Structures are given as structure tokens and as C-alpha cells.
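Descriptive structure summary
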Amino acid sequence: MFNIPRHVAIIMDGNGRWAKQRFMPRLAGHRAGMEAARQVVKNCAKRQIKVLSLFAFSSENWRRPAQEVSHLMDLFLTGLEREAQMLHENNVQLRFIGDRSRLSEKLLKKISDVEALTKPNAGLVLIIAVDYGGQWDITQAVQKLARAVEDGALRSADITADSIAAHLSFADLPDPDLFIRTSGELRMSNFMLWQLAYAELFFTDVLWPDFSEKELDLALAHYAKRERRYGHSSEQLSENSC
């Protein structure tokens, strides 16, 4: 495989429908989705992808039935307890992005512990988005800049696209090159709205628990065929490559 993206971002959609098709409870779909997430982490690391971002729980997902939300939070905690050491031993650095104010103290403590444990690791950077929304991300970045203006440390005229980007989540990492969404939905669903500005988009009808290594390779093959121009013409790119 050539022309591998540095950063892959995935909306893992379809757990509930996967379970419904099998006459199983939604929680069974989420558990199957967790196994699919485990496999995609392993497969991205194997392909030397530098950053993998997984949209686990959006700001809007709090609107789901309380019992389902509770089960999801329990799954996050169980998954962290079970996978943290394995991720650490495989040189994976785990980071969480999102508004942590609504998470339980127990989950927050586990997140903090796992981030501290894996921080020195130099392999795949795994970003888990929990209670995350792209609009929230941009808003909190602008609020930080507004406070700097209020404090006299910055002029409003000095606010640029670069300064906003510098205050977004994971500003130290490259923006996603490839965006994948499963289950046939054709929406961004408020995920990394700023960071995905120039990402290549790949949509598949496959439900997330069935997203296999083969499906990942189909997405990577799609990416490899794309000409990433960033506003330039094809002729300009050809001239620059000579």
C-alpha cells in the first residue's frame, strides 16, 4: 500500500442497526462495535498510519435514552480498564477530546490515568472523541482568543485562521487526510468541522461492527487515487513535482 494518509478520522456508525438486524439489544451492537474499534486500531498501526481519530460519543448523543447512555459510559470505562495496558505495550498514545464536564468522576479519573500512562509512547496516536462536537471545538477556541483580547494580550485584528486552528483540540497533530463514515449515512454530523476542511471523504454502507480489514483497505485505496490539490490546479502540482 502506498500514499498512506497520516491521519484517519472515522465516524463509527451503525451499531444499533447491526443489532436490530440480528434481533439483539442495542448494547450488543455497541459491544460488537468496540471489537471493531479494537481491530481498526491494530490495522491502522500495522499500516503505519500516524493518527487515528474515532468518534465514540457526540455532544448530541446525550439525547439518546438514559439507559443507553449509561451503558455506553460503562462500556467506555470497561474498555479503558481492559485495553489500556495493551495499548501501552504496543506503543500507542491515547488521547481524549471533548467536553469532559458531563463525564463521571470515575471515568474522568480513568481517562486521566490512561493518558498519563501512554503519553510517552511514540507509535500510533489514538484520539477518542467523547462528548465532542465540531461546533463546540471551534467555540472553545474562539473563547480562548476572546479572553486574550479582553486581557489586552491580543488584538482582534490579529485573530487569523492559523490562530484559531492553534486553539482547537489536538492542534499539535496533522489534520485528518481521510474521513470514513460507515452505515450509509452521508453526513459529517458535527465531527471535526474545521479540521476536515481538506480531508478526502469515504462513505460505505457497511455497518460499523462489520468494518473489517478489507473495508479499511478499500478506504485507503480510495484515498491513494485522490489528487490532493489544496486549491491548486493539477498542472501546478505536476510542475512542482518536476
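Residues numbered from 1 in each chain as written. Predicted model: local features only at pLDDT ≥ 70, side-chain atom pairs only at ≥ 80, totals over all residues. Heavy atoms only, no water.

Next up on the list: the overall build of the chain. In terms of regular secondary structure, the chain is built from 8 helices and 6 strands. In sequence order, the secondary structure elements of the chain are arranged as β-α-α-β-α-β-α-β-α-α-β-β-α-α. Over its C-alpha atoms the chain spans a radius of gyration of 19 Å, differing by no more than 12% from the 18 Å that the globule rule assigns to 242 residues. Projected onto its principal axes, the C-alpha coordinates of the chain cover approximately 55 × 50 × 35 Å. Burial statistics for the chain: of 242 residues in total, 45% are counted as buried. Restricting the contact set of the chain to residue pairs at least 6 apart, pairs at least 24 apart contribute 75%. By element, 52% of the accessible surface of the chain is carried by carbon and sulfur atoms, the whole surface being about 13000 Å². If the 31 positive side-chain charges of the chain are averaged to one point and the 31 negative ones to another, these points end up 4 Å apart. (Helix = DSSP H or I, 4+ residues; strand = E, 2+ residues; numbered from the N terminus. Rg over C-alpha atoms; globule rule 2.2 N^0.38 Å. Buried < 20%, exposed > 50% of the residue type's maximum accessible area, 1.4 Å probe, protein only. Contact = heavy atoms within 4.5 Å. Areas by Shrake-Rupley, 256 points an atom, 1.4 Å probe, with all protein chains shown as cover. Lys, Arg positive; Asp, Glu negative; His and termini not counted. Charge placed at Lys NZ, Arg CZ, Asp CG, Glu CD.)

Here we come to empty space enclosed by the protein. It is a probe the size of a water molecule, rolled over the atoms, that shows where empty space is left. A full pass over the atoms with the stated rule returns 1 cavity of 30 Å³ or more. Here the largest cavity is characterised by a volume of approximately 30 Å³. Around the largest cavity sit F96, I97, G98, R100, L103, I111 and V130, which together line it. Residues of the lining of the largest cavity, tallied by class, amount to 5 nonpolar, 1 polar and 1 charged. (1 Å grid on protein atoms, 1.4 Å probe; cavity = no way out; pocket = protein on both sides within 12 Å on 5 of 7 lines; lining within 4 Å. Points joined across faces, edges and corners; volume = space filled by probe spheres on them. Nonpolar A, V, L, I, M, F, W, Y, C, P; charged D, E, K, R; others polar.)

In the structure shown here, the tally under the stated rule is 8 aromatic pairs. Considering the side-chain rings of F57 and F76, the 6.3 Å spacing of their centres and the 85 degrees angle between planes classify their relative orientation as edge-to-face. One end of the pair, F57, is in strand β2 (residues 51-58); the other, F76, is in helix α3 (residues 66-89), with 19 residues separating them in the sequence. For the pair F57 and F76, one class covers both residues: buried. Relative to W136, the ring of Y132 has its centre 5.9 Å away and its plane inclined at 75 degrees; by these criteria the two rings are edge-to-face. Its relative accessible area of 27% is what places W136 among the partly exposed residues. Here the aromatic cluster, defined as three or more aromatic residues joined through ring pairs, consists of F55, Y132, W136 and F191. (Phe/Tyr/Trp six-rings, centres within 6.5 Å; stacked < 30°, edge-to-face > 60°.)

Our next topic: the pairing of strand β6 (residues 200-203). Here β6 shows a clear split, with E200 and F202 buried on one side and none of L201 and F203 buried on the other. Pairing of strand β5 (residues 178-181) with β6 involves 4 bridges; the strand directions are parallel. Bridging from a neighbouring strand, R181 pairs with F203 of β6. (Pairing = 2+ DSSP bridges.)

The next thing to look at is the side chain of T182. Looking at the element boundaries, T182 is found in the loop between β5 and β6. A distance of 2.6 Å separates the side chain of T182 from the backbone oxygen of D13, its partner in a polar contact. Excluding its chain neighbours within four sequence positions, the residues that come into contact with T182 are I11, M12, D13, T204, V206, L207, W208 and F211. (Polar contact = N/O pair within 3.5 Å; in protein donor to acceptor, adjacent residues only side chain to side chain.)

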